[in-house]
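Examination of the molecular architecture
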Amino acid sequence: YRDLHTFELQAPTRLIEWARGNRVCVAGYGQSDGNEILQLIPPPTLLTKEAQGLCPERDFKVECGGFSERPVYSLKYVPDTSLLVTSGPPDSSLQVWQVSAEDSDVIKSVSTISTEDGTGQSWAKIATISARAPWVLHGSRLDRVQITEVESRKNVYTAASRGSEELSNLTFLDCNTLLLCCVTGRLWLADIRQPQRLVEDMSVPSVPCSEQWCMGTRHGAQGLEPSSQPVVRLSSRGLLTLTDLRKTSELLALAKARVPSPGSGAEFLCVSWAPALEGYLAISGFDGTVHVYDTQSWDSFGREAEPIFVHKGHAFGGAGGSGDPPLVTAHTWHLQKPRTLLSASSDGSLHVWDWVQPCGKC
């Protein structure tokens, strides 16, 4: 490691989200009432673009917080606002939160976005954007995807689809284009300028249907089209596929990660592209580790990939609240520091770490 910071939360968290001012938001997912939502100030070394030498303060600080009566399974900061949107069981409704002003340390609930036929549906996956207005894209199944204006709660778009597959991820590619990933691994594309048009199956090469899948997208550098950035899919058995949205009939690359199969389902699977490091991605959700890979040498033969770094800090942190070995529940990349990641575990630990560049990659 080049650097490692740890912070102990009061309860397990499955979310890490960057907010304005380089703040970090986390939330609990316990089944009892009173799940915390916290906004943390990172250690000062994370707030500078370049190393500043030794720093006496190496811990996170709680800036403000609140409590949710339901488990928080997804949390997104709404860009250019002071709002957060969360979702979680027992239905697909969304909760909107106001992050406190400077004279208050409270994150308070301000509204609920109810969904049609939301009762009985699984919790909603969410994504946010503020290109035109503060919008939230949300849905639990392919035929339940919609966009809602956060502040007015007005429905902006509802996707047309005959399918009802369960979703694992959804995202804005840009202000008009949506990408959806089902748990079966199928990718779907939608254009909000054509609301009556059926969501389009991307016809990507088939993947094992017995496995559960999630996806990760990378926002390109300024001036690049979103479709020029490859989409990565990760399966519950560690299979990784790279797909170019401009040519979905073939895979860019196929690889197998050296990870165990998750013992309790695939609910914590996470794969993400490094925003400031070309061709690098990280995966987690299999055990107490986070694996980092360089995809630039991958081919289409599906060979086992060698991680360039494995973060094992959570695995040595002791058992979680249930007595089971800690499981990494979420990770995210620092937005400006190329090799810095944050990861959270079922034992309530939050780590931020920066690995040393391997020899030969300098």
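Rules and cut-offs
- Residues numbered from 1 in each chain as written.
- Predicted model: local features only at pLDDT ≥ 70, side-chain atom pairs only at ≥ 80, totals over all residues.
- Heavy atoms only, no water.
- Core = buried A, V, L, I, M, F, W, Y, C linked by side-chain atoms within 4.5 Å.
- Buried < 20%, exposed > 50% of the residue type's maximum accessible area, 1.4 Å probe, protein only.
- Helix = DSSP H or I, 4+ residues; strand = E, 2+ residues; numbered from the N terminus.
- Contact = heavy atoms within 4.5 Å.
- Pairing = 2+ DSSP bridges.
- Axes fitted to C-alpha atoms, helices over the stretch in contact; angles between N-to-C directions.
- Salt bridge = Lys/Arg side-chain N within 4 Å of Asp/Glu carboxyl O.
- Phe/Tyr/Trp six-rings, centres within 6.5 Å; stacked < 30°, edge-to-face > 60°.
- Lys NZ or Arg CZ within 6 Å of the ring centre and 35° of its normal.

1. Digging into the nonpolar core
- Among the nonpolar cores identified, the biggest contains 20 residues, and Leu137, Ile147, Phe172, Leu178 and Leu180 are the most heavily contacted of them.
- Residue assignment for this core shows that the elements contributing at least two residues are strand E10 (125-129), strand E11 (135-139), strand E14 (167-172), strand E15 (177-182) and strand E16 (187-191).
- Each residue touching Ile147, except ones within four places of it in the same chain, is listed here: Trp135, Val136, Leu137, Lys154, Asn155, Val156, Tyr157, Phe172, Leu178 and Ile192.
- Residues Val232, Leu240, Ala255 and Tyr293 belong to the second largest nonpolar core, which totals 19 residues.

2. Comments concerning the sheet that holds strand E6 (residues 74-77)
- On the basis of which strands lie adjacent, the open sheet formed by 4 strands has the order E6-E7-E8-E9 and antiparallel pairing. Edge strands, defined here as strands with exactly one partner in the open sheet, are E6 and strand E9 (108-113). Each neighbouring strand pair of the sheet contributes to a mean axis angle of 25°, computed without reference to strand direction.
- Here strand E8 (residues 94-98) pairs with E9 via 5 bridges, running antiparallel. Opposite Trp97, over in E9, you have Ser109 as the bridge partner.

3. Regarding the pattern of salt bridges
- Enumeration according to the criterion identifies 14 salt bridges in this entry.
- In this structure, the salt-bridge partner of Arg258 is Glu304, at a minimum N-O distance of 3.0 Å. With Arg258 in the loop between strand E21 (247-256) and strand E22 (270-273) and Glu304 in strand E25 (residues 303-304), this residue pair connects regions lying 46 residues apart in the sequence.
- The class of Arg258 is partly exposed, set by a relative accessible area of 42%.
- In this structure, a network of salt bridges that share partners links the residues Arg258, Glu304 and Glu306.

4. Remarks on the pairing of E15
- Burial of E15 is extensive: 6 of the 6 residues sit out of reach of the surface.
- Covered by surrounding structure in E15 are Thr177, Leu179 and Cys181 together with Leu178, Leu180 and Cys182, the residues of both alternating faces.
- As paired elements, E14 and E15 share 5 bridges and run antiparallel to each other. Each residue of the ladder has a partner; that of Phe172, found in E15, is Leu178.
- The antiparallel pairing of E14 with E15 creates a hairpin that spans 4 residues between the two strands.
- Judged from the 5 bridges that link them, E15 and E16 form a sheet pairing that is antiparallel. Looking across to E16, one finds that Thr177 is bridged to Asp191.
- Where E15 folds back onto E16 in an antiparallel hairpin, the turn is made up of 4 residues, including Gly185, whose phi is positive at roughly 95°.

5. Notes on the pairing of strand E20 (residues 239-244)
- Within E20, 6 of the 6 residues are buried, which leaves it mostly tucked inside the rest of the structure.
- Here E20 shows a buried face lined by Leu239, Thr241 and Thr243 and a second buried face lined by Leu240, Leu242 and Asp244.
- Alignment of strand E19 (residues 231-235) against E20, held across 4 bridges, turns out to be antiparallel. From the neighbouring strand, Val231 faces E20, where its bridge partner is Thr243.
- Connecting E19 to the antiparallel partner E20 that follows it, the hairpin turn spans 3 residues, and Gly238 within it adopts a positive phi of roughly 90°.
- The sheet contact formed by E20 and E21 spans 6 bridges and is antiparallel. Paired with Leu240 across the bridge in E21 is Ala255.
- Counting the residues in the hairpin turn of E20 and E21 gives 2 residues.

6. Here's the deal with the packing of aromatic side chains
- Inspection of the entire model under this criterion finds 8 aromatic pairs.
- Members of the aromatic cluster, joined through ring pairs, are Tyr1, Phe309, Trp333, Trp353 and Trp355.
- The ring of Tyr73 carries the charged tip of Arg14 above its face, separated from the ring centre by 4.2 Å.
- Looking at Arg233, its charged tip hangs above the ring of Trp213, at a distance of 5.7 Å from the centre.

7. Considering unusual backbone geometry
- Put simply, Pro89 and Pro90 share a cis peptide bond, and its omega is 15°.
- Take Pro90: it is sitting in the loop between strand E7 (83-87) and E8.
- A positive phi is found at Asn22, a non-glycine position, where the angle reads about 60°.
- Locating Asn22 in the fold gives a position in the loop between strand E2 (13-19) and strand E3 (23-28).

8. Section: the sheet that holds E10
- Taken together, 4 strands build an open sheet; the order of strands is E10-E11-E12-E13 and the sheet is antiparallel. A single partner strand is all that each edge strand has here, and the edge strands are E10 and strand E13 (155-158). Taken pair by pair, the neighbouring strands of this sheet meet at an average axis angle of 20°, ignoring direction.
- Across 3 bridges, strand E12 (residues 146-149) lies against E13 in antiparallel orientation. Residue pairing across strands places Thr148 opposite Asn155, the latter belonging to E13.

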